[in-house]
Amino acid sequence: MSESLQTGGQQPGVKIIPWYRLISIRQFLFWIFIFAITHYFMRGADHFLTMTKEALGKYFTLRWVLIAHITAGGGALILGPLQFWNRFRIRFTKLHRWIGVGYLLAILVSSVCAVILSYTTAYAVNWAYAFSLQVWVSVWIISTVIAYWAALKKKFVLHQEWMTRSYIVSVAFIVSGLTLKYLLWIGFGTFEAISPSLFWMGWSVPLFVYQVVLGMKAKK
């Protein structure tokens, strides 16, 4: 390679890539896109911040669990892309690790809260809705834990693959939520009828596509 990234001082014959070249324009635009859809989605939950029974409805008794779930989930979505930028990761190894810990903690908080909600308020919708959320959050937790375990074992290729799966499941929360809003807006069906199927598809289809991509790369 003509350029190398270092975490320390410059060595003879080694060129340090300037900070403004650590992230490509495409990567930066992707981060902006994630930030924008996360902000838009979370704006839809602004009414929950009034913390009144009228605004929170069935979530009133678990209002702090709901707020923690939404806030930590948003944090995970914003931190996630930083984990996939190779130049940034190599040059700022320690920062990469701390961002990874932040991502892990954000998912831990959000997923634990999601488990609580899926076993309580979700049943107010129907059994299928609650079960779809329970499976979804289980996949989220397991994929993130495996990614963290792989990093501890220094199995970095495996770590990257499972981090990708973890983030796919993270983004699926936003994509499924926005898709559900659109389908309800056009009168495609009721929330109770379409949300369970949509939530299954939201994470399972992207994970399947990613697995196909990995399989195709392995054959090359």
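Rules of the game
Residues numbered from 1 in each chain as written. Predicted model: local features only at pLDDT ≥ 70, side-chain atom pairs only at ≥ 80, totals over all residues. Heavy atoms only, no water. Patch = residues over 30% accessible without salt bridge, like charges linked within 9 Å, V, L, I, M, F, W, Y side chains within 5 Å. Areas by Shrake-Rupley, 256 points an atom, 1.4 Å probe, with all protein chains shown as cover. Salt bridge = Lys/Arg side-chain N within 4 Å of Asp/Glu carboxyl O. Helix = DSSP H or I, 4+ residues; strand = E, 2+ residues; numbered from the N terminus. Buried < 20%, exposed > 50% of the residue type's maximum accessible area, 1.4 Å probe, protein only. 1 Å grid on protein atoms, 1.4 Å probe; cavity = no way out; pocket = protein on both sides within 12 Å on 5 of 7 lines; lining within 4 Å. Points joined across faces, edges and corners; volume = space filled by probe spheres on them. Nonpolar A, V, L, I, M, F, W, Y, C, P; charged D, E, K, R; others polar. Axes fitted to C-alpha atoms, helices over the stretch in contact; angles between N-to-C directions. Left-handed = near helix turned anticlockwise from the far one by under 90°. Contact = heavy atoms within 4.5 Å. pLDDT = per-residue confidence, 0-100. Phe/Tyr/Trp six-rings, centres within 6.5 Å; stacked < 30°, edge-to-face > 60°. Lys NZ or Arg CZ within 6 Å of the ring centre and 35° of its normal. Expected span 1.5 Å × (residues − 1).

A word on a nonpolar patch on the surface. Taken together, the side chains of Phe92, Leu95, Trp98, Val101, Leu105, Leu108, Val112 and Ile116 present a nonpolar region at the surface, about 720 Å² in accessible area. With respect to the helices and strands, the residue Trp98 is situated in helix H5 (residues 93-118). The exposed category is assigned to Trp98, whose relative accessible area is 64%.

Here we take up the layout of surface pockets. Its boundaries defined by the atoms lining it, the largest pocket holds a volume of some 1,000 Å³. What lines the largest pocket is a set of 40 residues, among which Phe41, Tyr59, Leu66, His69 and Tyr129 lie closest to the centre. Where the lining of the largest pocket is concerned, the elements lending two or more residues are helix H1 (25-43), helix H3 (63-79), H5, helix H6 (127-152), helix H7 (156-185) and helix H8 (191-219). By residue number, the principal contributor to the lining of the largest pocket is H7, which donates eight residues. Classifying every residue of the lining of the largest pocket by side-chain character gives 25 nonpolar, 13 polar and two charged.

Packed helices, taken two at a time, are described by their axes: the angle between them and the distance between them. Where H3 meets H5, the axes come as close as 8 Å, and the angle between the chain directions of the two elements is 145 degrees. The handedness of the crossing between H3 and H5 is left-handed. Of the residues in H5, those touching H3 at Val65, Leu66, Ala68, His69, Ala72, Gly73, Gly75, Ala76 and Leu79 are Ile99, Gly102, Tyr103, Ala106, Ile107, Val109, Ser110, Cys113, Ala114, Ile116 and Leu117. Broken down by class, the residue content of the contact of H3 with H5 amounts to 15 nonpolar, five polar and no charged.

Scored by pLDDT, the protein comes out at a mean of 83, with 88% of its residues at no less than 70. Element-level pLDDT for the protein is lowest in helix H4 (residues 86-91), with a mean of 74, against a maximum mean of 93 in H6.

As a further point, take the packing of aromatic side chains. Tallying each qualifying case throughout the model produces 10 aromatic pairs. With centroids separated by 6.4 Å and ring planes inclined at 45 degrees, the aromatic side chains of Tyr103 and Tyr167 adopt a geometry described as tilted. Here Tyr103 is found in helix H5, whereas its partner Tyr167 is found in helix H7, with 64 residues between them in sequence. Classification of Tyr103 by relative accessible area gives buried; the value is 1%. Taking the centre distance of 6.2 Å and the plane angle of 40 degrees together, the rings of Tyr182 and Trp185 count as tilted. Of the two residues, Tyr182 and Trp185 both sit in helix H7, three residues apart, roughly one turn of that helix. Residue Tyr182 is classed as partly exposed on the basis of its relative accessible area of 48%. For Trp185, a relative accessible area of 71% puts it in the exposed group. Grouped by ring-pair contacts, the aromatic residues Tyr129, Trp136, Trp140, Phe173, Phe191 and Phe199 constitute a single cluster. The lysine or arginine in question, Arg63, covers the ring of Phe60, its NZ or CZ lying 4.3 Å from the ring centre. Here Arg165 stacks its cationic end above the ring of Trp162, 4.4 Å away from the centre of that ring.

The next point concerns unusual backbone geometry. One can expect most non-glycine residues to show negative phi and most peptide bonds to be in trans. One non-glycine residue with positive phi stands out, namely Lys154, at about 60 degrees. By the element assignment, Lys154 lies in the loop between H6 and H7. Of the residues examined, Lys154 reaches a relative accessible area of 60% and is grouped as exposed.

A separate point is the side chain of Ser195. Its place among the elements puts Ser195 in helix H8. Those residues in contact with Ser195, other than ones at most four positions away along the chain, are Tyr129 and Leu180.

This part covers H3. For H3, with 17 residues, the first-to-last C-alpha span of 24 Å sits near the 24 Å given by 1.5 Å per residue. For H3, the full list of buried residues reads Val65, Leu66, Ile67, His69, Ile70, Ala72, Gly73, Gly74, Ala76, Leu77 and Ile78. Its buried side turned inward, H3 meets H1, helix H2 (53-56), H5 and H7.

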